[in-house]
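Structural description and commentary
The primary structure of each chain is shown beneath.
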Amino acid sequence: MDNRQAIGSWLSGPRAAMEEAGVDLGYRGEQLGLPEHGPGSVARPGRRLGALAVDWGLCLLIAYGLITQGYDSVTGNWALLLLFLMSALTVGTVGFTPGKRLFGLRVVALETGRVNPLRAALRSVLLCLAVPALVWDRDGRGLHDRLARTVQVRI
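Residues numbered from 1 in each chain as written. Predicted model: local features only at pLDDT ≥ 70, side-chain atom pairs only at ≥ 80, totals over all residues. Heavy atoms only, no water.

Some thoughts on the nonpolar core
Counting residues in hydrophobic clusters, the biggest one holds seven residues: C59, A63, A79, L82, L83, M86 and C128. Listing elements by their share of this core, those giving two or more residues are α2 (45–67) and α3 (75–93). Among the elements that line this core, the one with the most residues is α3, at four residues. Leaving out residues up to four positions away in the same chain, C59 has contacts with A79, L82, L83 and M86. (Core = buried A, V, L, I, M, F, W, Y, C linked by side-chain atoms within 4.5 Å. Buried < 20%, exposed > 50% of the residue type's maximum accessible area, 1.4 Å probe, protein only. Helix = DSSP H or I, 4+ residues; strand = E, 2+ residues; numbered from the N terminus. Contact = heavy atoms within 4.5 Å.)

Some thoughts on the packing of α2 against α3
Packed helix pairs are specified by the crossing angle of their axes together with the interaxial distance, meaning the distance between the axes. Between α2 and α3, whose axes approach to 8 Å, the crossing angle comes to 125 degrees. Taken together, α2 and α3 sit at an angle that is classed as oblique. The way α2 lies across α3 gives a crossing that is right-handed. Here L52, D55, W56, L58, C59, L60, I62, A63, Y64 and I67 of α2 lie close against α3, whose contacting residues are T75, G76, W78, A79, L80, L82, L83 and M86. Looking at the contact of α2 with α3 residue by residue, the classes come out as 15 nonpolar, two polar and one charged. (Axes fitted to C-alpha atoms, helices over the stretch in contact; angles between N-to-C directions. Parallel < 35°, antiparallel > 145°, perpendicular 65-115°, else oblique. Left-handed = near helix turned anticlockwise from the far one by under 90°. Nonpolar A, V, L, I, M, F, W, Y, C, P; charged D, E, K, R; others polar.)

Looking at a nonpolar patch on the surface
Together, L58, I62, L66, I67, V74, W78, L81, L85 and L89 line one region of the surface with nonpolar side chains, adding up to about 760 Å² of accessible area. At the level of elements, α2 and α3 are the ones that each hand at least two residues to the nonpolar patch. When its relative accessible area of 34% is taken as the criterion, V74 is described as partly exposed. (Patch = residues over 30% accessible without salt bridge, like charges linked within 9 Å, V, L, I, M, F, W, Y side chains within 5 Å. Areas by Shrake-Rupley, 256 points an atom, 1.4 Å probe, with all protein chains shown as cover. Salt bridge = Lys/Arg side-chain N within 4 Å of Asp/Glu carboxyl O.)

Let's talk about α3
Taking 1.5 Å of rise per residue, 19 residues should cover 27 Å, and α3 covers 27 Å from first to last C-alpha, within 8% of that figure. Among the residues of α3, those classed as buried are T75, A79, L82, L83, M86, S87, A88, V91 and G92. Just beyond α3, the residue with positive phi is G95, at close to 95 degrees. (Expected span 1.5 Å × (residues − 1).)

Structural notes on empty space enclosed by the protein
Counting across every chain of the model gives one cavity of 30 Å³ or more. There is about 40 Å³ of room inside the largest cavity. Forming the walls of the largest cavity are L52, D55, L83, S87, T97, K100, R123 and L127. Where the lining of the largest cavity is concerned, the elements lending two or more residues are α2, α3 and α5 (117–129). Partitioning the lining of the largest cavity into residue classes produces three nonpolar, two polar and three charged. (1 Å grid on protein atoms, 1.4 Å probe; cavity = no way out; pocket = protein on both sides within 12 Å on 5 of 7 lines; lining within 4 Å. Points joined across faces, edges and corners; volume = space filled by probe spheres on them.)

Dropping the structure here:
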């Protein structure tokens, strides 16, 4: 390995460095028994972030227009509470939020395929804390999904 590779290796991340070293990590979701591509495969980060942005925007719009009658210091807090309620209720009943549906995603439980309301509430609390959602495993699942034993898949 020359110096350019050593210096620039941090740009591609640890997964690429491990694959260059000869470690076979497989594809995202292989350990979970999910297909590599198409419906049922693990959702990519871009789609998940886009869905979260749509959900957050919707909650912020509701808080701005219906609760605080304008933007002030508590609008964000109300939006976070609405995000928690919307996520817990919709994921616990139909398996997706409006943003997830728009981006073609669904949350499923690993064992049963259907997320029960208690699991959805746990996942939503951890999602609102933000830090667990920013820590991902090699399958691309956030810590909030790992603790709730769920995964976001493509529809």
